[in-house]
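# Architecture and fold: a report
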Amino acid sequence: MKDEVASRKERAENLKGMGCSRKRVEDARFTQGKGNYVDDLKLDGMLFGDFVRSPYAHARITRIDTAAALEVPGVLAVLTAKDLEPLGLHWMPTLAGDKQMVLADGKVLFQGQEVAFVVAEDRYAAADGIEAVEVEYEELPVLVDPFEALTSDVVLREDTVDANGNPVDGAHGPRKHHNHIFTWEAGDKDPTAEVLANAEVVAEETMYYHRTHPCPLETCGCVASMDKVNGKLTLWGTFQAPHAIRTVVSLISGIEEHNIRVISPDIGGGFGNKVGAYPGYVCSVVASIVTGKPVKWIEDRMDNLMTTAFARDYWMKGRISATKDGKITGLHCHVTADHGGFDACADPTKFPAGFMNICTGSYDIPTAYLQVDGAYTNKAPGGVSYRCSFRVTEAVYFIERMIEVLAIELNMDAAELRRINFIKKEQFPYQAALGWEYDSGDYHTAWEKALKAVDYDGLRAEQAQRVEDFKAGKTRKLMGVGLSFFTEIVGAGPVKNCDILGLGMFDSCEIRIHPTGSAIARLGTISQGQGHATTFAQILASEIGLPADSITIEEGDTDTAPYGLGTYGSRSTPVAGAATAMAGRKIRAKAQMIAAYLMEVHDDDVEFDVDRFVVKGAPEKFKTMKEIAFAAYNQAIPGIEPGLEAVSYYDPPNMTYPFGAYVCVMDIDVDTGVTDIRRFYALDDCGTRINPMIIEGQVHGGLTEALAVALGQEIAYDDMGNVKTGTLMDFFLPTAWEVPNYETDYTVTPSPHHPIGAKGVGESPHVGGVPCFSNAVHDAFRAFGLRHTNMPHDHWRIWKTANELGLHG
Amino acid sequence: MSQKQHYKITVNGKEEEFLAEPRELLIYTLRERLNVTGPHIGCETSHCGACTVTIDGKSVKSCTMFVAQADGKDITTIEGIGSPDALHPLQEAFKEHHGLQCGYCTPGMITRATKLLEENPTPTEEEIRFGMAGNICRCTGYQNIVKSIQAAAAEMNAAKEAAE
């Protein structure tokens, strides 16, 4: 028996299945410079397209003259809205139910907007052509403030008003004003008002979650190639959702979907930037049809930061009520959401403010109400989920700041306030006041583990001493202890309430076992660095008993991969990972019948054992999965078709709800505003852990993006709508020098509805990290009366905070 | 557009001669003219380091150097570091310690790290972080990159000692 156990363990280890830190199969090509990113693609006769962009944030276009540009050597064509209009392609639908100009149709709404598309033999000729296009603008009043936009007489979008100038309905209902996009509500308005009116304690705060940008190191781009002989269009690009792009291209171009092949090659990071459809894609396709040649379009960094898919820009006003001893009774949240010139966020259709209604967080709040109003301004369109599920970063920041403000109001320790209000383990599945059903959690255990790991009481004692020393003039450095406890909502999602442009948000996996016992599996998702080729093979190895090293994972080619909605919102593991397990189980079910036949016993008399089926009670009688695979193809088995393949389209019954507890210890130099992160502890509970090494890597990366957003990264505009942070000289991306070492930890609370219990982890550290860094800054100044100050907490703003608190003497 | 000029550069040991406009940036010469696509473009302002190559023994960001400035120079890119059968210790270490995710910064990162370890074979963590600060990674948070470079340094020093 002992031998058998040992052998089982050894056999399991050989599979490199779930739970092991398998090294990544992607890395050989990347470390040798042999990745295949879209800009690496070179096709015969390929042309290069690039945009003439608007220098103004709001202007009427009175004239475009392309004649001189067409004389520039190497320039073949210049497209304007007039050329696209006969095709109906001068505007395109956004993923949020709005529409967006592909090329400026009479006016421009933000700086950097696409005005004309120059197609040339190479990028230098295209740049020369851009210089030669003459555009005359008539400047219009600029609105960069959403509150001003919602009261201004200036009509930004002519399609928002009728002939009499009255607002017409938008995609999500009536407009309150011509620059208003939608109102979205969740929860109970009147009961919440009543709770707040009668509460013992109420804390109020208004916070601005600034505009920022996902800024993957590789910008967006594509290559479109229309084969006029066969009528087939191939579109390579940096697409986080290749199948959705195929459907959208088909719908707007009229090309039948089977004649379109979309390929996402290696993608150099996405973080939400590469979910949407951009004018560059449409123009490249049209240019390829017009010229009959492949056309490449690649953003430069300024194009990327100024025009494609910003994130956040939420003004959030909160009121939270509690009893005197700290039990929260109600929460009210109002958001004014700045969407820029077009509503081009990428949320599920029924959720124009994403899952902002997860803003009751990890707390048992009986009554709550949320209202979000969207506004048009003269800023770039977007509103994507930057390393988070739809608007979850905003929601978690909101509640984790409100908790801190309430703690100040109650004169209570913020860790204790959280402890008092956490949803208890026995309350799961938990029905939240704003509509979600949390699948599983054990918040108290995670919290206690985190506080113990950092010696929370010791930190508070040290901090109190530091305040004394500061007051006594012995030090100029303050110390902040940042806390956050987050609950994410990921894995969109159940088709009954989640779709994008009517496309249900299921996902898929198709497996083919080869006769000699290796396999290929294809999925509807696409990796952008998460290591899908490594981890999905691990799921399969555990499910079907073939070594992960013998399983190829392929994604991103719509001609071969099954239909899926792609990778964003941490949906790959919760949805496609589930499809993978389910498809694997179909393989196993057929393998069981084959094994029983081969061993001449009844199907019910064999059972799966790591990498084989054994006769129950007689483990020496077995057929390995490798043997079964060969028999599946090469042995005539009565009543069973040859072959060993399976496909699963998985429609999840619920979202998954990863959670975590983070603590940041920070020293702040009051005289320079410089922050020093002395310690960062991150405990993540993502349910079943597939590959601990990759989980840790995701946590390190997500925390670093959180650090960036909290401490300096922003897309800032001046009053004229000029982007002030359009290059990496001004837009903060942390280097190795600014980033600390992180301590990672975990608990495991599996998702009860997911086939393998996994919840997803890629975005958790960003979601939980931003409030943790921000709370550390706030906490350092709590003893001196700071209640709230807006991010990003760069050195200058921190210095100003210290100055306003009178700490500079 | 300006007059094309004659240039001669050596890339990964191979001499290349061609006509190009002087304004052509070296990164495009490498990627588009010579099909050396390991170095990438991330920012065009010398900040991100995805385009890092080694020129005459120094780390250079090839996105802000004109081909005219590179005339006659000896250039090494990621393609000239290690081979599929004999990876450079840094390439091995990045794989072993999960020092990369999307892979876009990796060629520049490893190319820079080869120089860092030549300049200082026994760097402290602080020296690694400072020495690598010209290369941005959006995925890893650097912790595993630092670890990879430390591991490669240890490996290279042990090999050197064994050889002596």
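Because the structure is predicted, anything quoted here is derived from the model rather than measured. (Residues numbered from 1 in each chain as written. Chains lettered and ligands numbered in written order. Predicted model: local features only at pLDDT ≥ 70, side-chain atom pairs only at ≥ 80, totals over all residues. Heavy atoms only, no water.)

On to the overall build of chain A, then. Of regular secondary structure, chain A possesses 20 helices and 33 strands. Taken against the 2.2 N^0.38 rule, which gives 28 Å for 809 residues, the C-alpha radius of gyration of chain A at 28 Å falls within 12% of a compact globule. Over its C-alpha atoms, taken along the principal directions, chain A stretches across nearly 85 × 75 × 50 Å. Sequence-distant contacts in chain A: of pairs separated by 6 or more residues, those separated by 24 or more amount to 79%. Total accessible area computed for chain A in this model is approximately 27,300 Å², and 50% of it derives from carbon and sulfur atoms. Considering chain A, the positive charge centre built from 75 side chains and the negative charge centre built from 111 side chains are found 4 Å apart. (Helix = DSSP H or I, 4+ residues; strand = E, 2+ residues; numbered from the N terminus. Rg over C-alpha atoms; globule rule 2.2 N^0.38 Å. Contact = heavy atoms within 4.5 Å. Areas by Shrake-Rupley, 256 points an atom, 1.4 Å probe, with all protein chains shown as cover. Lys, Arg positive; Asp, Glu negative; His and termini not counted. Charge placed at Lys NZ, Arg CZ, Asp CG, Glu CD.)

Moving on to the sheet that holds strand β2 (residues 59-65) of chain A. Residue and element names in this part refer to chain A. Judged by pairing direction, the sheet is antiparallel, and its three strands sit side by side in the order β6-β2-β8 without closing on themselves. At either end of the open sheet lies a strand with only one pairing partner, and these are β6 (107-108) and β8 (134-139). The sheet contact formed by β2 and β8 spans six bridges and is antiparallel. Within the sheet, the bridge partner assigned to Asp-65 lies in β8 and is Glu-134. (Pairing = 2+ DSSP bridges.)

Okay, the domain arrangement of chain A next. All names here are of chain A. Assigned domains of chain A: these are domain 1 (2-34 + 507-650), domain 2 (38-142 + 220-298) and domain 3 (310-491 + 655-804). Here domain 1 and domain 2 have C-alpha centroids that lie 41 Å from each other. Across the boundary between the two partners, domain 1 contributes 19 residues, which contact 21 residues of domain 2. On the domain 1 side of the contact with domain 2, Gln-528, Thr-558 and Tyr-563 bury the most area, a combined 41% of that side's loss. Linking domain 1 with domain 2 are three salt bridges. (Domains from an automatic or database assignment. Buried area = accessible area lost by both parts, 1.4 Å probe. Salt bridge = Lys/Arg side-chain N within 4 Å of Asp/Glu carboxyl O.)

Let's shift gears to the interface of chain A and chain B. Every contact between the two is made by 54 residues of chain A and, on the other side, 52 residues of chain B. Of the roughly 4,600 Å² buried between chain A and chain B, counting both surfaces, carbon and sulfur atoms make up 54%. On the chain A side of the contact with chain B, Thr-31, Tyr-124 and Leu-217 of chain A bury the most area, a combined 17% of that side's loss. At the junction of chain A and chain B, the tally comes to six salt bridges. The closest approach of N and O atoms between Arg-138 of chain B and Glu-705 of chain A, which form a salt bridge, is 3.5 Å. Where chain A meets chain B, there are 26 residue pairs in polar contact (both at pLDDT 80 or more). (Polar contact = N/O pair within 3.5 Å; in protein donor to acceptor, adjacent residues only side chain to side chain.)

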